[in-house]
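Residue-level structure breakdown
Residues per chain are reported as follows:
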Amino acid sequence: MQIFLIGFMGSGKTHNAEKLSELIGWPFLDLDRYIEKKGGQSIAKLFEFGGEAQFRKIEQQALLEIIENKHEHIIATGGGTPIFFDNLEKMKSAGLVIYLDTSLDLIMNRIEHTAESRPLLKIGPGETLKNYVENLLNKRKEYYHKANIAIEVNQELDKPAETIAEYLSLIMPDKFSNADLE
Ligand code: S3P
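Described in the following lines is the structure provided in the data block. (Residues numbered from 1 in each chain as written. Predicted model: local features only at pLDDT ≥ 70, side-chain atom pairs only at ≥ 80, totals over all residues. Heavy atoms only, no water.)

What follows covers the sheet that holds strand β5 (residues 149-153). Consider a sheet: its strands pair through backbone hydrogen bonds, and that pairing is either parallel or antiparallel. Read from one edge to the other, the open sheet built from 5 strands follows the order β2-β3-β1-β4-β5, with strand pairing classed as parallel. Because the sheet does not close on itself, it has two edges, and the strands there are β2 (28-30) and β5. The average undirected angle you get between the axes of adjacent strands in this sheet is 20°. Alignment of strand β1 (residues 2-6) against strand β4 (residues 95-102), held across 5 bridges, turns out to be parallel. Looking across to β4, one finds that Leu5 is bridged to Ile98. (Pairing = 2+ DSSP bridges. Helix = DSSP H or I, 4+ residues; strand = E, 2+ residues; numbered from the N terminus. Axes fitted to C-alpha atoms, helices over the stretch in contact; angles between N-to-C directions.)

Rendered as structure tokens:
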């Protein structure tokens, strides 16, 4: 089985996948980095050359490869991964899908300074970044909430990886004992 972290850009997927990896001893993998390594190009360049539609196909292909080959991994997905094709159903069939339900304010704090380098956040004149992000987040929430579990993250002090590790030790005590988590 695999554990997938889903959520909006800046929700903390990569950071918490790394933390969870330390806590439960499973390797972690970042879908965007996997795509970049495989294609030898940055996500920004993939968007630039092939547009979003092409990127989504590459993303789907990479996800399917990972599902097939990387068992017992924690996977940090891209913010749009569960929105397209049947990616979400595929992830749910392969393991546990966890939504990091991070507040808009935290997301904004984290992405404000990196928006320029994020292909989806190039907004037009007359639009504010916050409005754009809020609209996109609201559209995506119905997909994100189809995850097996959702974890609210409202402040920087929250520790979703610890919460997930605790949850795993409760639902699968044989696999993730508390002792391993201490
Ligand atoms: C995207 C999020 C990005 C990356 C791509 C598209 C999205 O990943 O996959 O730019 O559609 O929200 P992160 O969520 O890791 O930033």
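Here we come to the pattern of salt bridges. Using the criterion set out here, one finds 11 salt bridges in the structure. Put simply, Lys175 and Glu72 hold a salt bridge, and the shortest N to O gap is 2.8 Å. On the criterion of sequence distance, the pair formed by Lys175 in the loop between α7 (160-171) and α8 (178-181) and Glu72 in the loop between α3 (43-69) and β3 (74-76) is long-range, its members being 103 residues apart. (Salt bridge = Lys/Arg side-chain N within 4 Å of Asp/Glu carboxyl O.)

Close to the ligand lie 14 residues; Lys13, Asp32, Arg56, Arg118 and Arg140 are nearest. Contact distances for the ligand include 2.8 Å between an oxygen atom and a side-chain N or O atom of Asp32. The side chain of Arg56 places a nitrogen or oxygen atom 2.7 Å from an oxygen atom of the ligand. Across the complex, the protein chains shield 91% of the 380 Å² of accessible surface that the ligand would expose by itself. Mapping the ligand onto the cavity grids shows that it belongs to the largest pocket. No other element matches α3, which puts 4 residues into the shell around the ligand. Here the shell around the ligand is composed, by residue class, of 6 nonpolar, 3 polar and 5 charged. (Near = heavy atom within 4 Å. Polar contact = N/O pair within 3.5 Å; in protein donor to acceptor, adjacent residues only side chain to side chain. Areas by Shrake-Rupley, 256 points an atom, 1.4 Å probe, with all protein chains shown as cover. 1 Å grid on protein atoms, 1.4 Å probe; cavity = no way out; pocket = protein on both sides within 12 Å on 5 of 7 lines; lining within 4 Å. Sits in = over half its atoms within 2 Å of the grid points. Nonpolar A, V, L, I, M, F, W, Y, C, P; charged D, E, K, R; others polar.)

Quick look at the environment of Gly39 now. Relative to the assigned elements, Gly39 resides in helix α2 (residues 31-39). According to the relative accessible area criterion, Gly39 is partly exposed, its value standing at 46%. Along the sequence, Gly39 and Ile58 sit 19 residues apart, while their C-alpha atoms lie 9.1 Å from each other. (Buried < 20%, exposed > 50% of the residue type's maximum accessible area, 1.4 Å probe, protein only.)

Packing of helix α1 (residues 13-24) against α7 brings their axes to within 8 Å, and their N-to-C directions diverge by 45°. Taken as axis vectors, α1 and α7 run oblique relative to one another. Crossing angle aside, the handedness with which α1 passes α7 is right-handed. Between α1, through Asn16, Lys19, Leu20, Leu23 and Ile24, and α7, the contact on the second element is made entirely by Pro160, Ala161, Glu162, Ile164, Ala165 and Leu168. (Parallel < 35°, antiparallel > 145°, perpendicular 65-115°, else oblique. Left-handed = near helix turned anticlockwise from the far one by under 90°. Contact = heavy atoms within 4.5 Å.)

A few words on the layout of surface pockets. What the largest pocket holds in volume is close to 730 Å³. Lining the largest pocket are 37 residues; nearest its centre among them are Met9, Gly10, Lys13, Thr14 and Arg118. Where the lining of the largest pocket is concerned, the elements lending two or more residues are α1, α2, α3 and α7. The class makeup of the residues in the lining of the largest pocket is 10 nonpolar, 12 polar and 15 charged. (Points joined across faces, edges and corners; volume = space filled by probe spheres on them.)

Turning next to the nonpolar core. Within the largest apolar cluster, 35 residues are counted, with the highest numbers of intra-cluster contacts made by Phe4, Ile6, Phe8, Met91 and Val133. With 8 residues, α3 is the single largest residue contributor to this core. Listed in part, the 20 residues of the second largest apolar core include Ala17, Leu20, Ile24 and Ile151. (Core = buried A, V, L, I, M, F, W, Y, C linked by side-chain atoms within 4.5 Å.)

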